[in-house]
Amino acid sequence: MYPQVLLHIAGAWRPAAAGETHPVVDPATEEEIGTHPVARQADLDDALAAAERGFALWRATSAFERARTLRRAADLLRERAPEIARVMTLEQGKPLAEATGETRAGADIIEWFAGEAQRAYGRVIPARAPNVTQLSLREPVGPVACFTPWNFPINQAVRKLSAALATGCSVVLKGPEDTPASCAALVRCFLDGGVPADVLSLVYGDPKEISDYLIPHPVIRKVSFTGSTQIGKQLAALAGLHMKRITMELGGHAPALVFRDADVDLAVKVLGGTKFRNAGQVCIAPTRILAEGPVFDAVVAGFAQAAERQTLGHGLEEGVTMGPLAHARRLPAVSALVEDAVARGARLVTGGQRHGNKGYFYAPTVLADVPRDARIMNEEPFGPVAIVNRIDGADALLAEANRLPYGLAAYGYTGSQVSADRMSSELEAGMVSINHHGIALPELPFGGVKDSGYGSEGGAEAIESYLSVKLVTRAAL
Ligand code: NAD
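Throughout this description, residue numbers start from 1 for each chain and increase along the sequence as written. Two thresholds apply to this predicted model, a pLDDT of at least 70 for residue-level local features and 80 or more for giving and counting side-chain atom pairs, whereas whole-chain, interface and lining totals are computed over all residues. Derived side-chain values reflect all non-hydrogen atoms in the structure, with water molecules and hydrogen atoms excluded from consideration.

Structural notes on the domain arrangement of the chain
Where each domain starts and ends comes from a domain assignment, either automatic or drawn from a database. Domain assignment breaks the chain into domain 1 (7-250 + 452-473) and domain 2 (254-442). Each of domain 1 and domain 2 has a C-alpha centre, and these two points are 30 Å apart. Taken together, the contacts link 30 residues of domain 1 with 32 residues of domain 2. Across the interface of domain 1 and domain 2, roughly 2,400 Å² is buried in total on both sides, 56% from carbon and sulfur atoms. Contact between two residues is taken to exist if any of their heavy atoms lie within 4.5 Å; hydrogens are not considered. Buried surface area refers to the total accessible area, computed with a probe of radius 1.4 Å, that the two partners give up upon joining, counted for both partners together.

Shown next as structure tokens:
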């Protein structure tokens with residue numbers, strides 16, 4: 001049932017040149033379900049040569065034709081969603097409904113960028129002399145190296161691929177080694193939809209070895225990475241050294257401010273509903289729930305109910321609402337953060353331990369009154385753990401929300417226009433959503449500030465970073 005995973009290089013789906021592979025594990029059973037090839041330098045050289053050829057071809061293809069190709073890819077992704085989603089659930093663990101939703105949403109993202117391909121306008125700038133024409137042209141930046149993680153094997157890759165391909169760039173994608181097959185199925189949709197073979201290569205291997213080789217390579221003109229802040233800083237430094245453009249979508253530790261005048265039922269329903277999606281392995285998941293005194297107990301109780309309502313199990317089973325953590329590294333990482341918080345005096349409201357003894361399941365967990373020096377108040381939890389702390393007053397709420405170096409998403413619930421205005425202007429985050437969860441639609445900008453990175457992965461803004469500006473000024477003779 002789990003497909004053979006291959007590299008896609010220069011028009012061929014193929015194993016690594018040296019024949020090396022690495023196991024892929026079902027995180028719900030800990031059983032090996034397949035392998036992925038491990039690309040080394042010879043494979044990367046082939047992918048880079050293809051990217052160079054592919055760029056020459058694709059940039060010369062009309063925006064209209066690129067858009068039509070992307071729309072065909074979107075249709076294929078939608079058609080194939082049922083089988084791709086099953087594969088995603090097997091390798092990543094999320095419930096089938098979430099995997100299906102992610103795959104279908106991928107098709108919407110491709111369609112959005114197909115439209116943008118036809119709107120990458122330049123400008124005509126009025127000249128100082130009558131015989132002069134001044135044009136600001138937009139050109140694709142060149143071959144792009146993309147690095148995408150395992151939490152959303154399709155969503156993280158599709159944003160980069162769609163924006164790059166819409167503008168006429170070619171791509172070498174290093175997909176997620178923990179969840180390679182669903183990402184490969186996405187790449188197949190683009191190729192079957194008509195993206196020329198040299199334009200899109202897919203590799204897996206040792207992430208550091210691949211990024212160390214691709215980023216400095218002269219063929220690569222831009223780097224786009226989604227993953228942890230720590231790795232993102234290393235890759236940004238390397239890209240800077242070689243003057244490569246970058247987009248960095250990094251970690252977050254989203255505050256959710258619940259003011260005393262908030263609709264608490266709404267806040268708990270929406271925040272509690274999003275907290276445990278994908279077992280909390282979501283960069284924009286609400287993690288620090290900061291509630292004022294009069295609503296604090298209701299918020300704690302609401303989150304405890306949301307946690308206890310979850311049905312854990314294999315994502316392919318009917319009725320399961322939360323799967324395991326996606327790989328073996330997350331279980332000790334999440335456990336250590338929770339144990340540290342409890343040891344420092346946090347109140348364990350529910351959960352707080354591994355669930356079962358097979359698979360990387362961690363019980364949906366709510367911690368309250370967590371001291372500020374606990375690790376989990378400062379490091380991204382990236383798991384099914386909600387922190388609910390009592391904080392009173394708008395100044396104190398905003399100060400705690402902005403305390404961390406992260407600045408990805410932030411949420412707020414209030415009945416007051418004044419508090420909503422203050423959150424809109426004072427929260428240090430790339431995305432602020434007030435009184436609803438309104439983040440991550442294809443047409444909206446998606447990205448962070450501070451240590452959460454820079455550049456956008458959504459909306460019209462996402463196209464910008466794949467385009468260079470060229471001034472052409474011409475005098476008529
Ligand atoms: P990690 O930091 O080792 O890896 C995160 C991602 O970066 C993985 O996909 C990995 O393959 C890739 N990566 C690691 N080193 C790389 C390198 N030198 N070059 C290129 N890619 C590299 O950690 P992990 O255990 O896989 O994940 C844990 C942390 O990663 C989480 O706590 C979270 O902060 C972060 N993360 C963030 C996102 C996101 O959506 N922003 C997604 C996945 C993971």
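Picking up where we left off.
Focus: the sheet that holds strand 16 (residues 385-390)
In sheet architecture, strand pairing relies on hydrogen bonds along the backbone and comes in two forms, parallel and antiparallel. Spatially, 14-15-16-13-12-17-18 is the arrangement adopted by the 7 strands of the open sheet, whose pairing is mixed. Looking at strand neighbours, the two that pair on one side only are strand 14 (347-350) and strand 18 (431-434), the edges of this open sheet. The sheet shows a mean angle of 20° between the axes of neighbouring strands, direction not considered. Strand direction decides the pairing type here: strand 12 (residues 254-258) and strand 13 (residues 286-291), joined by 5 bridges, are parallel. The partner of L257 across the bridge, within strand 13, is L290. Axis angles are defined between N-to-C directions and span 0 to 180 degrees, where every axis is a line fitted to C-alpha atoms and, for a helix, only to the segment in contact. Helix numbers and strand numbers start at the N terminus; a helix is a DSSP run of H or I with at least 4 residues, a strand a run of E with at least 2. Along the sheet face, helix 9 (residues 293-308) touches strand 12, strand 13, strand 14, strand 15 (365-368) and strand 16 and points at about 170° away from the line of strand 16. Of the strands in this sheet, strand 14, strand 15 and strand 16 touch helix 10 (residues 330-343), which is tilted by about 30° from strand 15. Pairing between strands is defined by DSSP: at least two bridges between them are needed.

Examining the packing of helix 2 (residues 63-92) against helix 3 (residues 96-117)
Relative placement of two packed helices is described by the angle separating their axes and the distance separating the axes. Viewed as axis vectors pointing N to C, helix 2 and helix 3 meet at an angle of 175°, and their least axial separation amounts to 8 Å. On the basis of their axis angle, the class for helix 2 and helix 3 is roughly antiparallel. By the convention adopted, Pro, Cys, Tyr, Trp, Phe, Met, Ile, Leu, Val and Ala count as nonpolar, Lys, Arg, Asp and Glu as charged, and the other residues, Gly among them, as polar. The residue makeup of the contact of helix 2 with helix 3, split by class, is 17 nonpolar, 5 polar and 8 charged. For classification, angles of less than 35 degrees are called roughly parallel, those exceeding 145 degrees roughly antiparallel, those between 65 and 115 degrees roughly perpendicular, and all remaining angles oblique.

Brief notes about the environment of M322
Take M322: it is sitting in the loop between helix 9 and helix 10. Spatially, the C-alpha atoms of M322 and L312 are 4.9 Å apart, while their sequence positions differ by 10 residues. Those residues in contact with M322 that sit more than four places away from it in its chain are P95, F276, A279, Q310, T311, L312, G313, F361, Y362, P364 and P384.

Notes on the sheet that holds strand 20 (residues 467-475)
Overall, antiparallel pairing links the 3 strands, which are arranged 5-6-20 in an open sheet. Each having just a single partner strand, strand 5 (123-125) and strand 20 make up the two edges of the open sheet. Sheet twist, expressed as the average angle between the axes of neighbouring strands with direction ignored, equals 25°. Of the pairings in the sheet, the one linking strand 5 to strand 6 (residues 132-140) comprises 3 bridges and is antiparallel in character. Bridge pairing links V124 to L135 in strand 6.

Some thoughts on the environment of T133
Relative to the assigned elements, T133 resides in strand 6. Counting along the chain gives 339 residues from T133 to V472, while the straight-line C-alpha distance between them is 8.1 Å. Ignoring sequence-local partners within four residues, the contact set of T133 consists of V472, T473 and R474.

Some details on the packing of aromatic side chains
Put simply, two rings from Phe, Tyr or Trp (the six-membered ring, in Trp's case) pair if the centres are within 6.5 Å, and we call them stacked under 30 degrees between planes, edge-to-face over 60, tilted for the rest. Summed over the entire model, instances satisfying the criterion amount to 1 aromatic pair. Taking the centre distance of 5.6 Å and the plane angle of 85° together, the rings of W150 and F382 count as edge-to-face. Here F382 lies in the loop between strand 15 and strand 16 and W150 lies in the loop between strand 7 (144-147) and helix 4 (155-167), a separation of 232 residues in the sequence. The pair formed by W150 and F382 is uniform in burial state, with each residue classed as buried. Two thresholds decide whether a charge sits over a ring: the Lys NZ or Arg CZ must be within 6 Å of the ring centre and within 35 degrees of the ring normal. We note R159 situated over the ring of F446; from NZ or CZ to the ring centre the distance is 4.7 Å. The ring of Y466 carries the charged tip of K222 above its face, separated from the ring centre by 4.8 Å. Whether a residue is buried, partly exposed or exposed follows from its accessible area with a 1.4 Å probe, protein chains only, as a fraction of its type maximum: under 20%, in between, or over 50%, in that order.

Focus on helix 9
Here the expected span of a helix is defined as 1.5 Å times the quantity of residues minus one. Its 16 residues place the ends of helix 9 23 Å apart at the C-alpha level, agreeing with the 22 Å of an ideal helix rising 1.5 Å per residue. Turning to helix 9, its buried residues number three or more, namely G293, V295, F296, V299, V300, G302, F303, A304, A306 and A307. On its buried face, helix 9 sits against strand 12, helix 8 (264-275), strand 13, strand 14, strand 15 and strand 16.

Quick notes on the site of the ligand
One heavy atom within 4 Å of a molecule or strand is enough for the residue carrying it to be called near that molecule or strand. As a structural note, the neighbourhood of the ligand is formed by 25 residues, with W150, S211, S228, R329 and E380 the closest of them. We define a polar contact as two N or O atoms separated by no more than 3.5 Å, with the added condition that, inside protein, one atom must be a possible hydrogen donor and the other a possible acceptor, whereas residues neighbouring each other in sequence contribute only through side-chain atom pairs. Here L250 contributes a backbone N or O atom positioned 3.3 Å from a nitrogen atom of the ligand. Using the Shrake-Rupley algorithm and a 1.4 Å probe, accessible areas are obtained, with residue cover drawn only from the displayed protein chains. Against a free-state accessible area of 790 Å², the protein chains account for coverage of 86% of the ligand. The leading source of residues in the shell around the ligand is helix 6 (residues 207-214), at 3 residues. For the shell around the ligand, the residue count by class is 10 nonpolar, 8 polar and 7 charged. Looking at which domains feed residues into the shell around the ligand, each of domain 1 (7-250 + 452-473) and domain 2 (254-442) gives three or more.

Notes on the packing of helix 3 against helix 4
Axis separation between helix 3 and helix 4 bottoms out at 9 Å; the angle between their running directions is 15°. When the interaxial angle is binned, helix 3 and helix 4 end up roughly parallel. As helix 3 runs across helix 4, the sense of the crossing is right-handed. Two secondary-structure elements touch here, helix 3 through E102, G106, I109, I110, F113 and A117 and helix 4 through N155, V158, R159, S162, A163 and A166. Taken together, the residues of the contact of helix 3 with helix 4 break down into 7 nonpolar, 3 polar and 2 charged. Throughout, a crossing is termed right-handed when the near helix is turned clockwise from the far one, and left-handed when it is turned anticlockwise from it by less than a right angle.

Quick look at the side chain of T167
Relative to the assigned elements, T167 resides in helix 4. For T167, the side chain forms a polar contact with the main-chain oxygen of A163, separated by 3.2 Å. A polar side-chain atom of T167 sits 2.8 Å from the main-chain carbonyl oxygen of A164.

Quick notes on the pairing of strand 11 (residues 245-249)
Working note: regular strand, side chains alternate between the two faces of the sheet. Strand 11 sits mainly inside the fold: 4 of its 5 residues count as buried. With 5 bridges connecting them, strand 10 (residues 222-226) and strand 11 associate as parallel partners. In the sheet register, S224 faces strand 11, and the bridge partner there is T247. Between the parallel elements strand 10 and strand 11, the chain passes through helix 7 (residues 229-241) in a crossover that is right-handed. As paired elements, strand 11 and strand 19 (residues 453-454) share 2 bridges and run antiparallel to each other. Bridge assignment links M248 to a residue of strand 19, and that residue is Y454. Handedness of a crossover is defined as follows: orient the strands so they point away from the viewer, and if the path from the first strand over the helix to the second runs clockwise, the crossover is right-handed.

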